[in-house]
Amino acid sequence: MTTEFVLALDQGTTSSRAIVFDRAGAVRGVGQREFRQHYPRPGWVEHDAMEIWHSQLEVAREALRNAGATAADIAAIGITNQRETTLIWERATGRPLARAIVWQDRRTAPLCEQLLADGHGDFLQQRTGLVVDAYFSGTKLAWLLDHVPGARQQAERGELVFGTIDTWLIWQLTGGAVHSTDPSNASRTMLYDIHRQDWSDEILALLNIPRGILPAIAPSSAEVGRALPELLGGAIPIAGVAGDQQAATFGQACFQPGMAKNTYGTGCFMLMNVGDAPVQSDNKLLSTVGWGLPAQDGWRSTYMLEGGVFMAGAAVQWLRDGLGIIQHSEDVEPLAASVADTDDVFMVPAFAGLGAPHWDPYARGTLIGVTRGTTRAHIARATLESIALQSAELLTCMNADSGIPLSELRVDGGASRNDLLMQMQADLLGVPVVRPRVAESTARGAAGLAGLAVGFWRSMDEFAGQWEAERTFEPRWPAELREARMRRWRQAVALSKGWAADAPKP
C-alpha cells in the first residue's frame, strides 16, 4: 500500500474539524472552523445542515494542505460526529427541509413526558438501552414530520430521508449514492433495538415514523462508499463511522471489558466497555453500542455503559464569567492548588439539574459549608473537586452495573490537561488515571475504524499498540478517606435536589 495517511472528519457541536493521521498514529495536518448556533425559541437549538457540510468540506481540504497530502496519499476517510442531532432532506435533491434539531434541543420534552405517562418508559429502555428523553433523535424526527409543512406526506411517498450528522456527511460525500449509518449512531436514536441490532418496528409504529425514511446500517469499520473525486481530488473510501463518544473510546483503545474513558469538556462523558452483550443499568445509566465490527452475519457489536455529567468545564466557566474570581479558565488550577483542601466546602454544579444517576431536573447549584474563613481558593478547589466527585459517582455505578471492577481510567478532553483535577480523580477512584500522548482521541478513533477497514493498520492490536500514555496519576488516598469524601458529597447532592420544584412562579 502506497498511501501514507488516513483522514478523520470530526464534526462537532460548535465546529467542524479534520485531522490527517500517519501510520504511527501521529497528527500530520489539522483544519478547524466554527459554525453558527441558532436559538429560535427558549430551549430550541438548531444548525444549518448545509453550513455544516460546507465547513466540513473546507476543513478537510485545509487538513490535506497542511499535511502536504493529496487524495492519492489518503487510504480512507473516517467520520465521527455530534450524536443525536436530527435532520430530514429530499431524496431527489438533497435539500434539507428544515434546520437540524441539535441534541441539546428540548422541544420534544412534552412528547417524552407523554410517552412516560402512557407507560412506555420501561419498554423503550429495554429495547434501546436509553432513558426516555428529548436528548435522543426519535422524538426529534417525529416532531419534524409533524411540524414541517408537507413533511409527513412526502415521507410516506418515499421522497424524504432522515439522518444524524454521520449520515448527512456520507450522503454529501457520495453525491447521494449512499444513505447509511453505523450501529453506534443508530443506538442513539431511540429507534434501534440494541438486542436485535436493527430498527424497531414497534417503536417506529409508536412514534408514527415510516421505516423507509431510515438509513441502512453498516458496520462502524467497513467501506460504505467513496467520496466524489471532485470534492477532495480523488475517490477516497469512506470506511469508518462512529458517534463522537464511542469514537473517543475506540481512540483510547478501550477494547477489553472493564476498560473505560472519561472525556472532560463542558460536561463529562464516561463510557465503559462491557463486552459483547448489553448491560441493563440498575443505576439509570445508558446502555449503548460502542462500535460494530464486520462479522459473518453483518457485524459484531461491542457494548458500553455511558453516563453523562452535565456541568464540568462549564462550572469553571461560571467561576470565570459568573463570579469573576478567575480571569481565564486555566487560572483555576493554581488558585485551587494554593489551599491544601476545600475546608469542607462542597460545590454541587447542578445549574441545569442533575444527570445520571440522579436525573433530577429540579436540582440547582449549591455551595455548602461556607464560613467566614472560606476564600475564593476554597471555592475554586471545591469546583474542581465537584467534577471529579461526579465522575467518581458515575464510575462507581458502572462498576456495580457491569460487575467488572475498573482497573484504570483513560482521560481526554480540555480539562484533562489540569493536573490537579486528574490527581483528584485518581484519589477519588482509587485507580490510576492515564492521560494519552495524542490528545485527539475522538478523531483518532474515527481514523482507526477507517484504517482497519482498508488494511492501513493490520489489526486492533497494532492500532492499540500505538496508544501511549503521556502521564499516569496514581491514587494517594486510603480507602477510608475516599469513602468519607464520597459520603459527604452525597449529603451535599441531597441538599441540592428538588430546589426549583417549589420555586414561586413569576
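It should be emphasised that the depicted structure is a prediction, and the values quoted were computed from it without experimental measurement.

**Quick look at the pattern of salt bridges**
Scanning the entire structure with this criterion turns up 31 salt bridges. The partner of Glu385 in a salt bridge is Arg485, with the nearest N and O atoms 2.8 Å apart. Taken together, the residues Glu385 in helix H13 (residues 376-402) and Arg485 in helix H17 (residues 479-496) connect sequence positions 100 residues apart. On the accessibility criterion, Glu385 (6% relative accessible area) is buried. We classify Arg485 as buried; its relative accessible area is 14%. Residues joined in a network through salt bridges with shared partners are Arg83, Glu84, Arg188, Asp244 and Glu306.

**What to know about the sheet that holds strand S14 (residues 237-243)**
Strands sit in the order S3-S2-S1-S5-S14-S13 across an open sheet of six strands; the sheet is mixed. The open sheet is flanked by strand S3 (27-34) and strand S13 (221-226), the only strands paired with a single partner. On average, adjacent strands in this sheet sit at an angle of 25 degrees to one another, irrespective of strand direction. Strands in contact with helix H1 (residues 49-67) are strand S1 (5-11), strand S2 (15-22), S3 and strand S5 (74-81); relative to S3, the strand with the most contacts, it is inclined by about 150 degrees. Here helix H10 (residues 244-251) sits on the sheet and contacts S5 and S14; the angle it forms with S14, its principal contact strand, is near 105 degrees.

**Some thoughts on H1**
Since the α-helix advances by 3.6 residues per turn, residues separated by three or four positions end up pointing in the same direction. Spanning 19 residues, H1 covers 27 Å between terminal C-alpha atoms, matching the ideal 27 Å at 1.5 Å per step. When we look at burial in H1, the residues that qualify are Ala49, Ile52, Trp53, Ser55, Gln56, Leu57, Val59, Ala60, Glu62, Ala63, Leu64 and Ala67. Where H1 begins, the side chain of Asp48 points an oxygen toward the backbone nitrogen of Met50, at a separation of 2.9 Å. After H1 finishes, the residue Gly68 shows a positive phi value of roughly 65 degrees.

**A look at the side chain of Ser391**
Along the chain, the position of Ser391 falls in helix H13. When near neighbours in sequence (up to four residues on either side) are disregarded, Ser391 contacts Asn262, Tyr264, Cys268, Met270, Val309 and Gln425.

**What to know about the side chain of Arg17**
When you line up the elements, Arg17 lands in strand S2. For Arg17, the contacting residues outside a window of four places in its chain are Ala8, Leu9, Asp10, Gly31, Gln32, Gln56, Val59 and Glu440.

**A look at the UniProt feature "binding site: ADP" (unreviewed entry) in the protein**
The positions that UniProt labels "binding site: ADP" (unreviewed entry) are, in the present scheme, Thr13, Arg17, Thr266, Gly313, Gly414 and Asn418. Across 406 residues of sequence, these annotated residues are also dispersed in space, with a maximum C-alpha separation of 23.4 Å. One can find Thr13 in the loop between S1 and S2. Overall, the relative accessible area of 16% leaves Thr13 in the buried class. Filtering out sequence-adjacent residues up to four positions away, Thr13 remains in contact with Phe35, Gln37, His47, Gln82, Val102, Trp103 and Gln104. When neighbours within four sequence positions are excluded, Thr266 is seen to be in contact with Phe310, Met311, Ala312, Gly313 and Ala314.

**Observations concerning the sheet that holds strand S18 (residues 298-309)**
Strand order in the open sheet formed by seven strands is S17-S18-S16-S15-S21-S22-S23, and the pairing between neighbours is mixed. Each edge of the open sheet is held by one strand with a lone partner, namely strand S17 (286-295) and strand S23 (469-473). Pairs of neighbouring strands in the sheet enclose a mean axial angle of 25 degrees, with direction left out of account. Here nine bridges tie S17 to S18, and the two strands are oriented antiparallel to one another. Residue Thr288 lies in a different strand from S18, and its bridge partner there is Met304. Its contacts with the sheet put H13 on strand S15 (260-264), strand S16 (268-275), S18 and strand S21 (409-412), and the angle it makes with S16 is roughly 20 degrees.

**Focus on the packing of aromatic side chains**
Evaluated as defined, the whole model comprises 13 aromatic pairs. With a centroid separation of 4.8 Å and an interplanar angle of 55 degrees, the aromatic rings of Phe250 and Phe255 are classed as tilted. Take Phe250: its relative accessible area is 0%, and that puts it in the buried class. Note on Phe255: relative accessible area 15%, which makes it buried. A connected cluster of aromatic rings, assembled from ring pairs, spans Phe250, Phe255, Trp291, Phe456, Trp457 and Phe463.

**Some points on the UniProt feature "binding site: ATP" (unreviewed entry) in the protein**
As annotated in UniProt, the feature "binding site: ATP" (unreviewed entry) corresponds to Thr13, Thr14, Ser15, Thr266, Gly313, Gln317 and Gly414 in the numbering used here. The exposure class of Thr14 is partly exposed, given its relative accessible area of 46%. Apart from the residues within four sequence positions on either side, Thr14 is in contact with Glu34, Phe35 and Gln37. Looking at the secondary structure, you find Gln317 in helix H11 (residues 313-323). We classify Gln317 as partly exposed; its relative accessible area is 33%.

**Examining unusual backbone geometry**
The phi dihedral of Asn208 is positive, around 60 degrees, even though this residue is not glycine. With respect to the helices, strands and loops of the structure, Asn208 is situated in the loop between helix H8 (201-207) and strand S12 (216-217). We note that Asp344 has phi near 65 degrees; this positive angle belongs to a residue other than glycine. Within the secondary structure, Asp344 sits in the loop between helix H12 (332-337) and strand S19 (346-348).

**What about the nonpolar core?**
Ile88, Leu141, Leu191, Ile209, Ile213, Leu384 and Leu409 are the most contacted members of the largest nonpolar core, which totals 95 residues. Counting residues per element, this core draws most heavily on H13, which supplies 12 residues. If sequence neighbours within four positions are ignored, Ile209 has contacts with Gly138, Leu141, Ala142, Leu145, Leu191 and Leu204. Trp53, Trp89, Leu169 and Ala227 belong to the second-largest nonpolar core, a separate cluster that totals 37 residues.

What counts, and where the lines are drawn
Residues numbered from 1 in each chain as written. Predicted model: local features only at pLDDT ≥ 70, side-chain atom pairs only at ≥ 80, totals over all residues. Heavy atoms only, no water. Salt bridge = Lys/Arg side-chain N within 4 Å of Asp/Glu carboxyl O. Helix = DSSP H or I, 4+ residues; strand = E, 2+ residues; numbered from the N terminus. Buried < 20%, exposed > 50% of the residue type's maximum accessible area, 1.4 Å probe, protein only. Pairing = 2+ DSSP bridges. Axes fitted to C-alpha atoms, helices over the stretch in contact; angles between N-to-C directions. Contact = heavy atoms within 4.5 Å. Expected span 1.5 Å × (residues − 1). Polar contact = N/O pair within 3.5 Å; in protein donor to acceptor, adjacent residues only side chain to side chain. UniProt positions renumbered as here; feature names shortened; annotations may be inferred. Phe/Tyr/Trp six-rings, centres within 6.5 Å; stacked < 30°, edge-to-face > 60°. Core = buried A, V, L, I, M, F, W, Y, C linked by side-chain atoms within 4.5 Å.

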